[in-house]
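Examination of the molecular architecture
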Amino acid sequence: LAARGLRGVAFDLPGFGLAERPPDFAYDWPGHGAWAAAALDALGIERFHLVCHDYGGPVGFELCARIPERIASLTVLDTVVDVERFTRPRLLDVLLGPGPGDALVRALPGALWHQAMLRLGVLDRRALTRAESDAWLELLRGPDHGHGVLETARRLQTTPELGARYVAAVRALDAPRQLIWGTADPVLPLASDGERAHAVVGGPLHAVPARHFLQEEQAEAIALHVARLARAAASA
């Protein structure tokens, strides 16, 4: 992005990465969205091009509902807009439960995590080294042994009310928008989840050779599309 004249800002949400993990934080989409709005204020960022992916998608859509006038363009990567339609396997719910989930995160071997990341995350195995996936796992665990991440996963609000809120906010957004989606995403397949998201977001849909974590192997393509949309927004 910097090479294309844009300033890229990416912050860790509470509970993730190097951010703090307060036990009393609202680890859900509205809570993280409110925090993101406050973070933008603290950084002095008045107007911005929003790019969101995976769990961060509905966090971004919360921003669309809260501060739509500050969003200059919207780029959506492999996520869910109508959160009411999101369902996860029953086995995953069991694994995320208190006790099993905490034990799993604490004891998960790095080699097993790496294989899962390769299977789900990247199409080109060369795009994610073992050292990089080990760093992902370390950042996921953090000082609270992954409690913040687990709380976030346990509190996914797939309610009709929240689904309607985000769909309405995205459709009402007065800004150019686009989707960039991995052609081989096994988590949110292009032919189903990608097309459903496209029906809400509108704008062009750019399919790129990738699995779910397309930033790992398609950073150049993503930056190119974001920069083009930013230019279009500036000239509109």
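Residues numbered from 1 in each chain as written. Predicted model: local features only at pLDDT ≥ 70, side-chain atom pairs only at ≥ 80, totals over all residues. Heavy atoms only, no water.

**Describing the overall build of the chain**
Applied cut-off: In this description a helix means any DSSP run of H or I spanning at least four residues, a strand means any run of E spanning at least two, and both kinds are numbered starting from the N terminus. Radius of gyration means the value over C-alpha atoms here, while the globule rule gives 2.2 Å times the residue count to the 0.38 power. With a 1.4 Å probe rolled over the protein chains alone, any residue whose accessible area is under 20% of its type maximum counts as buried; one over 50% counts as exposed, and the rest are partly exposed. The contact definition used throughout considers only heavy atoms, calling two residues in contact when any of these lie within 4.5 Å. The Shrake-Rupley method, run with a 1.4 Å probe, gives the accessible areas here. Residue values count only the displayed protein chains as cover. Think of it this way: Lys and Arg go in the positive column, Asp and Glu in the negative one, and His and the chain ends go nowhere. For charged residues, the charge sits on one atom: NZ in Lys, CZ in Arg, CG in Asp, CD in Glu.
In terms of regular secondary structure, the chain is built from 10 helices and four strands. In the chain, the succession of helices and strands from N to C terminus is α-β-α-β-α-α-α-α-α-α-β-α-β-α. Taking 236 residues into account, the globule formula puts the C-alpha radius of gyration at 18 Å, and the chain, at 17 Å, falls close to it. Oriented by its inertia axes, the alpha-carbon framework of the chain measures out at about 50 × 40 × 35 Å. Buried positions account for 46% of the 236 residues belonging to the chain. Considering only contacts within the chain whose residues lie at least 6 apart along the sequence, 72% involve residues at least 24 apart. Of the roughly 11800 Å² of accessible surface on the chain, a fraction of 58% belongs to carbon and sulfur atoms. Averaging the coordinates of the 24 positive side-chain charges in the chain and doing the same for the 28 negative ones gives two points 3 Å apart.

**A closer look at the packing of aromatic side chains**
Note the following rule: Stacked, tilted and edge-to-face are the three classes applied to pairs of Phe, Tyr and Trp rings, where Trp contributes its six-membered ring and a pair requires centres within 6.5 Å; stacked means planes under 30 degrees apart, edge-to-face means over 60, and tilted covers the rest.
Under the criterion given, the structure shown has six aromatic pairs. Centre to centre, the rings of F11 and W35 are 5.2 Å apart; their planes meet at 80 degrees, and the pair counts as edge-to-face. Of this pair, F11 sits in the segment before α1 (29-43) while W35 sits in helix α1, placing them 24 residues apart in sequence. What makes F11 partly exposed here is its relative accessible area of 32%. Taken together, a centroid distance of 6.5 Å and an interplanar angle of 55 degrees make the contact between F61 and Y166 tilted. Placement of the pair is F61 in helix α2 (residues 56-66) and Y166 in helix α8 (residues 160-172), with a sequence separation of 105 residues. A residue is classified by how much of its surface remains accessible, and F61, at 0% relative accessible area, is buried.

**A look at unusual backbone geometry**
When glycine is set aside, most residues are seen to have a negative phi, and most peptide bonds are trans. The residue D78 is not glycine, and still its phi comes out positive at about 30 degrees. In this fold, D78 is placed in the loop between β2 (71-77) and α3 (90-96). Positive phi, close to 60 degrees, is recorded for H145, a residue that is not glycine. Mapped onto the secondary structure, H145 falls in the loop between α6 (130-141) and α7 (147-154).

**Regarding the pattern of salt bridges**
Formally: Throughout this description, the term salt bridge denotes a Lys or Arg side-chain nitrogen within 4 Å of a carboxyl oxygen of Asp or Glu.
Going through the model one piece at a time under the given rule, you end up with 12 salt bridges. Between E62 and R165 there is a salt bridge, with the nearest N and O atoms lying 2.9 Å from each other. Placement of the pair is E62 in helix α2 and R165 in helix α8, with a sequence separation of 103 residues. Classification of R165 as partly exposed rests on a relative accessible area of 36%. E151 is the salt-bridge partner of R155, the closest N and O atoms lying 3.0 Å from each other. We classify E151 as buried; its relative accessible area is 15%.

**Side note on a nonpolar patch on the surface**
Short version of the rule: By definition, no residue in a patch forms a salt bridge, and every one has over 30% relative accessible area; like charges are joined within 9 Å, nonpolar side chains (Val, Leu, Ile, Met, Phe, Trp, Tyr) within 5 Å.
Together, V9, F11 and L43 give the surface a local cluster of nonpolar side chains, amounting to about 230 Å² of exposed area. When you line up the elements, L43 lands in helix α1. Residue classification places L43 among the partly exposed residues on the basis of a relative accessible area of 42%.

**A look at the pairing of strand β1 (residues 48-53)**
Looking along a regular strand, one sees the side chains alternate between the two faces of the sheet. Counted only if it meets this: In this scheme, strands are said to pair when DSSP sees at least two bridges between them.
Bridge count between β1 and β2: six bridges; the pairing is parallel. Opposite V51, over in β2, you have T75 as the bridge partner.

**A closer look at the sheet that holds strand β3 (residues 177-182)**
Condition: Working convention: axes come from line fits to C-alpha atoms, limited for helices to the stretch in contact. Angles between N-to-C directions cover 0 to 180 degrees.
Taken in spatial order, the four strands of this open sheet run β1-β2-β3-β4, and their pairing is parallel. The strands lining the two open edges of the sheet, one partner per strand, are β1 and β4 (205-208). Adjacent strand axes in the sheet meet at a mean angle of 20 degrees, parallel and antiparallel pairs treated alike. Pairing of β2 with β3 involves four bridges; the strand directions are parallel. Paired with T75 across the bridge in β3 is Q178.

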